[in-house]
Amino acid sequence: MMNNFEDGTPRLFSWDYLAKSLEDTKALAQSLAGVLKAGDMICLEGGMGAGKTTFTKALAQGLGVQDLVTSPTFTLVRTYQGRLPLYHFDLFRLEDPDELDFLGFDDYFYGAGVCVVEWPKDFYPVLPAHPLRIQIQEEGPDQRRFTLSQEGEDTIIERLKNENIGD
């Protein structure tokens, strides 16, 4: 059931997770993979070296992807087959949100798989509504703080919290 504010605005669900090690990061990503459904979108925010691709690699493992997962920086998108198709985007090199439409990315966004988007900041207006946003902040050599936020119904965060993961 959807929880709204008094004015009818969708309630924003958020959750913090402190990964104290690379193993904790992998555990979060793999747990997340277990609750994903076709059509889900995850937007990864964080600076260079924050761990966006590392997180995506672990998520892919959780989805049963057998291929080597690499950053799609120069190809913009890579596709992997697992329990669900995984579409891994890196929008760092794009400048104009209209380029996504021109390149036909809607086929991925509204397809039968899960989309992971690195560097989504300037592209939210053209992405599907209510993606799971994950802000990754470096807190030490192997420590990362993951701040997950999402609004809407049937949020990925609600599914993940039902798995009793984290603090």
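In this report, the structure presented in the accompanying data block is examined. From a predicted model like this one, the values you see are computed outputs, not experimental measurements.

### Some remarks on the packing of aromatic side chains
Then, number 1: With the rule as written, the count across this model stands at ten aromatic pairs.
Then, number 2: With centroids separated by 6.0 Å and ring planes inclined at 45°, the aromatic side chains of Trp-15 and Tyr-17 adopt a geometry described as tilted. Across the pair, exposure class does not vary: Trp-15 and Tyr-17 are buried alike.
Then, number 3: On the basis of an interplanar angle of 50° and a centroid distance of 5.2 Å, the ring pair of Phe-89 and Phe-109 is categorised as tilted. Here Phe-89 is found in strand E4 (residues 86-90), whereas its partner Phe-109 is found in helix H4 (residues 106-109), with 20 residues between them in sequence.
Then, number 4: A relative accessible area of 3% places Phe-109 in the buried class.
Then, number 5: Across from the ring centre of Tyr-124, 3.5 Å away, lies the NZ or CZ of Arg-133, which sits over that ring.

### Overview of the pairing of E4
Then, number 1: In terms of burial, E4 is largely enclosed, as five of its five residues are buried.
Then, number 2: Side-chain alternation along E4 places Leu-86, His-88 and Asp-90 on one buried face and Tyr-87 and Phe-89 on a second face that is also buried.
Then, number 3: Across four bridges, strand E3 (residues 77-80) lies against E4 in antiparallel orientation. When the sheet's bridge partners are listed, Arg-78 is paired in E4 with His-88.

What counts and what doesn't
Residues numbered from 1 in each chain as written. Predicted model: local features only at pLDDT ≥ 70, side-chain atom pairs only at ≥ 80, totals over all residues. Heavy atoms only, no water. Phe/Tyr/Trp six-rings, centres within 6.5 Å; stacked < 30°, edge-to-face > 60°. Buried < 20%, exposed > 50% of the residue type's maximum accessible area, 1.4 Å probe, protein only. Helix = DSSP H or I, 4+ residues; strand = E, 2+ residues; numbered from the N terminus. Lys NZ or Arg CZ within 6 Å of the ring centre and 35° of its normal. Pairing = 2+ DSSP bridges.

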